[in-house]
Amino acid sequence: MSPVDSHPRVTVIIATYNWATVLPYSVGSVLDQTFTDFELLVVGDGCTDESGDVVGAIPDERVRWLDLGANAGHQSAPNNEGIRQARGSIIAYLGHDDLWLPHHLESLVTAMDAGATIAHSTSLLPAVDGSLRVLPTSGWAWAPGRWVPPTSMVHHRELVTDAGGWRMPQQTGNSDPEADLLARMATIGGLPRWVPRLTCVKFSAALRKDVYKTRPSHEQARWLERIRGAEDPEADLLALVKSSQPDRDRPSRHQARRLVRAVRRRIRPAPVPAKVTAEERWHTNRRFKGLDESG
């Protein structure tokens, strides 16, 4: 058990909804951090499962369970409640089904100490088919509207308050709430600083059909075991990514399909797609992930 600091440097917020089986892994990756001056608020979005019991059983006084009275259907609401109750001057987010490598907070707090008001790292995105992708890629630069996984981001608490907090998809037009918030904070506090280190693993629920019906945790269990078992987790995962890349001298079937589509577009230009609002994407993603539209 770790002692409680009444003024922790960092407040970590995990927004969650009815996925109790995955919480021991995400919370466990927070408790593995080399930077220890934090509090962890796990904020339920009107949970009706055993999530509160799972979090309450964790023997670390830095961990606190909160739950909204009603389900909002998006992380914006629990994130705002976490920010409201935060005691830390720096806010960090972790998706309830995502993982941090042990040096995540240390790396980003170092960037904040060097003058950043917003900082983010590099994320590993494992796909269901076993392929691996790293974001951002070399040469990347943030611009308004570009998406950064909240799991990879920290910012000053005062900055998000001054920016008006998180907005729901119904309020952000064509921009997703994550990109909307980042753009509003950058307008006030300056461009986000990219720390080009791999510090987190992002499991995109929007690419995993019906995950909120089946609520699996095998991916998180396997990846956290690998992280904990590696002498240098960052180097281990980067080597894994490199070994998983296809032979560049022999185009993969996916690359071949892309080439065919590119040729077809030159012959027959595709129509300009209609803009899809964040609210429309939100509803589509909820159905794909197996969430009842009634919440």
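Above this text is the structure in question.
Keep in mind the model is a prediction, meaning the values are calculated, not measured. (Residues numbered from 1 in each chain as written. Predicted model: local features only at pLDDT ≥ 70, side-chain atom pairs only at ≥ 80, totals over all residues. Heavy atoms only, no water.)

1. Focus: the pairing of strand β3 (residues 63-67)
- Inspection of the sheet shows strand β2 (residues 38-44) paired to β3 by five bridges, in the parallel sense. Across the sheet, residue V43 finds its bridge partner in β3, namely L66.
- The β-α-β motif built from β2, the intervening helix α2 (residues 51-56) and the parallel element β3 has right-handed crossover chirality. (Pairing = 2+ DSSP bridges. Helix = DSSP H or I, 4+ residues; strand = E, 2+ residues; numbered from the N terminus. Right-handed = clockwise from strand over helix to strand, strands pointing away.)

2. Here we look at the packing of aromatic side chains
- In the structure shown here, the tally under the stated rule is three aromatic pairs.
- Where Y93 meets W166, the ring centres are 5.4 Å apart and the plane angle is 80°; that geometry is what we call edge-to-face. Here Y93 is found in strand β4 (residues 90-93), whereas its partner W166 is found in the loop between α5 (157-162) and α6 (177-189), with 73 residues between them in sequence. The residues Y93 and W166 share a single accessibility class, namely buried.
- Residues W140 and W194 carry aromatic rings whose centres are separated by 6.1 Å and whose planes lie at 85° to one another, so their mutual orientation is edge-to-face. Note that W140 is positioned in the loop between β7 (132-135) and β8 (153-156) and W194 in strand β9 (residues 193-201), a separation of 54 residues in sequence. (Phe/Tyr/Trp six-rings, centres within 6.5 Å; stacked < 30°, edge-to-face > 60°. Buried < 20%, exposed > 50% of the residue type's maximum accessible area, 1.4 Å probe, protein only.)

3. Describing the environment of E61
- Note that E61 resides in the loop between α2 and β3.
- Expressed as a C-alpha distance, the spacing of E61 and E39, which sit 22 residues apart in the sequence, is 8.5 Å.

4. Notes on the environment of D210
- Inspection of the secondary structure assignment puts D210 in the loop between β9 and α7 (211-214).
- The spatial distance from the C-alpha of D210 to the C-alpha of L291 is 7.6 Å, given a sequence separation of 81 residues.

5. A look at the pattern of salt bridges
- Going through the model one piece at a time under the given rule, you end up with 11 salt bridges.
- Residue E81 is joined to R84 by a salt bridge in which the shortest nitrogen-to-oxygen separation is 2.8 Å. With E81 and R84 both in helix α3 (residues 76-85) and three residues apart, the pair spans about one turn of that helix.
- Judged by relative accessible area, E81 falls into the buried class, the value being 19%.
- Residue classification places R84 among the exposed positions, given a relative accessible area of 59%.
- Where salt bridges share partners, they join R167, D180 and R184 into one cluster. (Salt bridge = Lys/Arg side-chain N within 4 Å of Asp/Glu carboxyl O.)

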